[in-house]
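Single-letter residue listing:
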Amino acid sequence: MALKREHLVDIDPDTLEYVSGWARIKKSIFTILTTRLRTRIMRLWWGSAYLDAQDKPMNFETMMDSIYEAASKINEYEPEFNVTRIVITSAQANGEMQVRVEGVDLIDQQNRIISQAI
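About the thresholds
- Residues numbered from 1 in each chain as written.
- Predicted model: local features only at pLDDT ≥ 70, side-chain atom pairs only at ≥ 80, totals over all residues.
- Heavy atoms only, no water.
- Buried < 20%, exposed > 50% of the residue type's maximum accessible area, 1.4 Å probe, protein only.
- Helix = DSSP H or I, 4+ residues; strand = E, 2+ residues; numbered from the N terminus.
- Pairing = 2+ DSSP bridges.
- 1 Å grid on protein atoms, 1.4 Å probe; cavity = no way out; pocket = protein on both sides within 12 Å on 5 of 7 lines; lining within 4 Å.
- Points joined across faces, edges and corners; volume = space filled by probe spheres on them.
- Nonpolar A, V, L, I, M, F, W, Y, C, P; charged D, E, K, R; others polar.
- UniProt positions renumbered as here; feature names shortened; annotations may be inferred.
- Phe/Tyr/Trp six-rings, centres within 6.5 Å; stacked < 30°, edge-to-face > 60°.

Considerations on the pairing of strand 4 (residues 97-105)
Strand 4 sits mainly inside the fold: seven of its nine residues count as buried. Taking the residues that link successive antiparallel strands as the turn, the strand 3 (residues 81-91)-strand 4 hairpin has five residues, and the phi of Gly95 there is positive, at about 95°. Pairing geometry for strand 4 and strand 5 (residues 110-117), over eight bridges, is antiparallel. In the strand pairing of strand 5, Val99 is matched with Gln116. Taking the residues that link successive antiparallel strands as the turn, the strand 4-strand 5 hairpin has four residues, and the phi of Gln109 there is positive, at about 60°.

Re empty space enclosed by the protein
Applying the stated criterion to the full structure yields one cavity of 30 Å³ or more. Space inside the largest cavity adds up to approximately 50 Å³. Forming the boundary of the largest cavity are Ile29, Phe30, Leu33, Val99, Val101, Ile114, Gln116 and Ile118. Mapped by element, the contributors of at least two residues to the lining of the largest cavity are helix 1 (22-34), strand 4 and strand 5. Among the residues forming the lining of the largest cavity, the class breakdown is seven nonpolar, one polar and no charged.

Some thoughts on the UniProt feature "domain: IraD/Gp25-like" (unreviewed entry) in the protein chain
The UniProt feature table records "domain: IraD/Gp25-like" (unreviewed entry) at residues 23-103. This span, residues 23-103, is 37% helix and 22% strand, and a straight line between its end C-alpha atoms measures 14 Å.

What to know about the packing of aromatic side chains
Scanning the entire structure with this criterion turns up three aromatic pairs. Plain terms: the ring middles of Trp22 and Phe81 are 5.8 Å apart, the flat faces sit at 40° to each other, and that makes the pair tilted. Here Phe81 lies in strand 3 and Trp22 lies in helix 1, a separation of 59 residues in the sequence. Phe81 carries the same exposure label as Trp22, and that label is buried. Here the aromatic rings of Trp45 and Tyr77 are separated by 5.8 Å at their centres, their planes lie at 45°, and the arrangement is tilted. Here Trp45, found in the loop between helix 1 and helix 2 (60-77), pairs with Tyr77, found in helix 2; they are 32 residues apart in sequence, far enough to count as distant. Given a relative accessible area of 52%, Trp45 falls into the exposed group.

Laid out in structure tokens, this is it:
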């Protein structure tokens, strides 16, 4: 007999309301990508080196490193989402990147897309 899995519940740091489902996953992906490694006191291992690309020239190698880092860390830290594709849709001179993450919500088995400026 298979157990029905439900989405995790978290607290939105902006509104202090409970959040679950796709809204929680989107917030989690954003947090993973914007938290530098060794910046969380109790979780020095948590985060990603995705933001390190902002300090480098935006060439093919830097973009590939960013995509690899994002995909591996999202798949490692977000248990309800599996990345299938990541595209950097734009990169600005000020270091801001528009990233599009595509994947599968593992609880609902739905294809999902998030597009975020980081």
